[in-house]
Each structure stands twice: as C-alpha cells, then as structure tokens.
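# Structural characterization, general
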Amino acid sequence: MAFELPKLPYAHDALEPHIDEQTMKIHHGKHHQGYTDKLNNAIEGTDLEGKTIENILSNLDMDNTAVRNNGGGFYNHRLFWEVMSPNGGGEPSGDLATAINSAFGSYADFKEKFANAAKGQFGSGWAWLCVHEGGKVEVCSTPNQDNPLMPGVGCEGTPILGLDVWEHAYYLKYQNKRPDYVDAFFEVINWDDVSKRYEQNK
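Residues numbered from 1 in each chain as written. Predicted model: local features only at pLDDT ≥ 70, side-chain atom pairs only at ≥ 80, totals over all residues. Heavy atoms only, no water.

### Details of the overall build of the protein chain
When helices and strands are counted, the protein chain shows eight helices and three strands. In sequence order, the protein chain lays out its α and β elements as α-α-α-α-α-β-β-β-α-α-α. Its C-alpha atoms give the protein chain a radius of gyration of 16 Å, near enough to 17 Å, the size a compact globule of 202 residues would have. Reported as C-alpha extents along the three principal axes, the dimensions of the protein chain are approximately 50 × 40 × 30 Å. (Helix = DSSP H or I, 4+ residues; strand = E, 2+ residues; numbered from the N terminus. Rg over C-alpha atoms; globule rule 2.2 N^0.38 Å.)

Printed below as a string of structure tokens:
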C-alpha cells in the first residue's frame, strides 16, 4: 500500500487567527502532498515498500536522502496536523504535566525551552517534545525534515509534539517574524492528543 496524504482533522480556516487558511491550504495540499508522492516514488520496488513510516525512519540509511527527506516530511507533517486543534491551547494535565514539571521545573519553563528550540533552529527544521521509555520527556530540534525517530539525529525518543519552522509554515502571515508564529502555536496545541501520544509511548 502506498502512503496517502492524511486528511486534516479540521477545516483549513479552523486555526485562524493563529495559522491562516491560505497557509494551511498550501502547506497541506501542496507541500505535504509533495512529500507523500516523492516518498512513494522513493520506496517503490524496494524492501521498504509495505513497511510503516515509523519502521522506515527508525531503521533508515541516513545516506538515502530521498527517503530521509520525504519520509521525514510525510511523518512530521502528519503529526503536526494532529497536535493542533481549534480548541487547543491551555496547558497539559495528568501524567504528561507531571513529566513536564519533572523535566523542566514548570510548564512555563518547558514553554520557554520549546520556544527557544523553535526560534533558534537555524534555517528550516522542527522543534520537538519527545518521550523516552520510562516516561522522561526532552526538547530538541532537528534540521530540514529530520526527526528523532531517525538514527543519531537527537532526542532519540518518540516525538509527541512537533512544530514546523520551515518558512512555508508561516511566511504568508508572519513574514520574517518566526517568534510571533512560535508564540501563536501554543494557542492551538491539542494537549489531549499530545497526552495520548505520551501514554502510548512512555
């Protein structure tokens, strides 16, 4: 089975005013579709065909740039859409909140560290909150479409929250003001989804 572009779990304009409708249409329908198509082309006829994206990325030959870039792009964006919601914002609760407080001191300290990872990523890339076996959480960032599932990239846990800081994710609305976009992201985080990912992967 070839990979398919996942449907957005909400309307293109649902995250307004924090993330604009036009950006969502282009980001999902053009960029994510492009990664999906190129990933399928890259794995067609190889032993990667038929495997899950998690399996592909966890065992990736990092010199295989077509799968690295497009597999990462497919996986990263699929997670990105799901960790946002029109009813998002606020703070995490339950075991995830406990893990965040344990790792960073407080939600405010986590927020600052995650925001700095996103704002400080040079060029294109992602900021991540990852969970390790045992429940410890960690923040890191990766360049381009790399992610922590890939060998030797950073964090080495399972991503449960990701923020896309490629310019195509924010430039129509925020131009060069990446920090404003990063701040706006906290208003749409779907903490229920992030918590479920934490429980499934701790």
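### Here we look at the nonpolar core
Phe 110, Phe 114, Leu 129, Leu 161 and Tyr 181 are the most contacted members of the largest nonpolar core, which has 63 residues in total. The contact partners of Phe 110, leaving out residues within four places of it in the chain, are Ile 100, Phe 104, Leu 129, Val 139, Leu 161, Phe 186 and Trp 191. (Core = buried A, V, L, I, M, F, W, Y, C linked by side-chain atoms within 4.5 Å. Buried < 20%, exposed > 50% of the residue type's maximum accessible area, 1.4 Å probe, protein only. Contact = heavy atoms within 4.5 Å.)

### Quick look at the pattern of salt bridges
Scanning the model with the defined rule gives eight salt bridges in all. Between Arg 78 and Glu 54 there is a salt bridge, and its shortest N-O distance comes to 2.7 Å. Here Arg 78 is found in helix α3 (residues 65–82), whereas its partner Glu 54 is found in helix α2 (residues 53–58), with 24 residues between them in sequence. For Glu 199, the salt bridge identified is with Lys 202, shortest N-O distance 3.1 Å. Through salt bridges with shared partners, a single ionic network connects Glu 82, Asp 193 and Arg 197. (Salt bridge = Lys/Arg side-chain N within 4 Å of Asp/Glu carboxyl O.)

### Looking at the sheet that holds strand β3 (residues 158–164)
Spatial ordering of the open sheet is given by β2-β1-β3, a layout of three strands whose pairing is antiparallel. Edge positions in the sheet fall to β2 (137–143) and β3, since each has one partner strand and no second. Taken over all neighbouring pairs, the strand axes of this sheet differ in orientation by 25° on average, direction set aside. Taken together, the six bridges between strand β1 (residues 125–131) and β3 define a ladder with antiparallel strand orientation. Along β3, the bridge assignment pairs Cys 130 with Pro 159. (Pairing = 2+ DSSP bridges. Axes fitted to C-alpha atoms, helices over the stretch in contact; angles between N-to-C directions.)

### What to know about the state of the cysteines
A covalent bond between the sulfur atoms of two cysteines is what we call a disulfide. Applying the stated criterion across every chain, the model contains one disulfide. With no disulfide of its own, Cys 130 lies closest to Cys 155 among cysteine sulfurs, the gap being 3.6 Å. For Cys 130, a relative accessible area of 0% translates into the label buried. (Disulfide = S-S within 2.5 Å.)

### Points about the pairing of β1
With seven of seven residues buried, β1 lies mostly within the body of the structure. Along β1, one buried face is formed by Gly 125, Ala 127, Leu 129 and Val 131 and the opposite face, lined by Trp 126, Trp 128 and Cys 130, is buried too. In sequence, β1 turns back onto β2 through a hairpin of five residues, with Gly 134 there showing a positive phi of about 105°.

### Focus on the layout of surface pockets
Empty space left among the atoms is revealed by rolling a probe the size of a water molecule over them. When its volume is computed, the largest pocket comes out at roughly 190 Å³. Lining of the largest pocket is provided by Glu 54, Tyr 75, Arg 78, Leu 79, Leu 149, Thr 158, Pro 159, Asp 193, Lys 196, Arg 197, Gln 200 and Asn 201. It is helix α8 (residues 191–201) that contributes the most residues to the lining of the largest pocket, five residues altogether. Looking at the lining of the largest pocket, its residues break down into four nonpolar, three polar and five charged. (1 Å grid on protein atoms, 1.4 Å probe; cavity = no way out; pocket = protein on both sides within 12 Å on 5 of 7 lines; lining within 4 Å. Points joined across faces, edges and corners; volume = space filled by probe spheres on them. Nonpolar A, V, L, I, M, F, W, Y, C, P; charged D, E, K, R; others polar.)

### Some remarks on helix α7 (residues 178–185)
Within the span of α7, buried status applies to Arg 178, Tyr 181, Val 182, Ala 184 and Phe 185. One face of α7 carries all of its buried residues, which in axial projection span an arc of 160°. Those residues of α7 that are buried lie in contact with α3, α5 (107–120), β3 and α6 (171–174). (Arc of directions from axis to C-beta.)

### A few points about α8
Every buried residue of α8 is listed here: Trp 191, Asp 193, Val 194, Ser 195, Arg 197 and Tyr 198. On its buried face, α8 is in contact with α3, α4 (94–104), α5, β1, β2 and β3.

### Concerning the environment of Asp 192
Examined against the element boundaries, Asp 192 turns out to sit in helix α8. For Asp 192, a relative accessible area of 58% gives the class exposed. Expressed as a C-alpha distance, the spacing of Asp 192 and Ser 102, which sit 90 residues apart in the sequence, is 19 Å.

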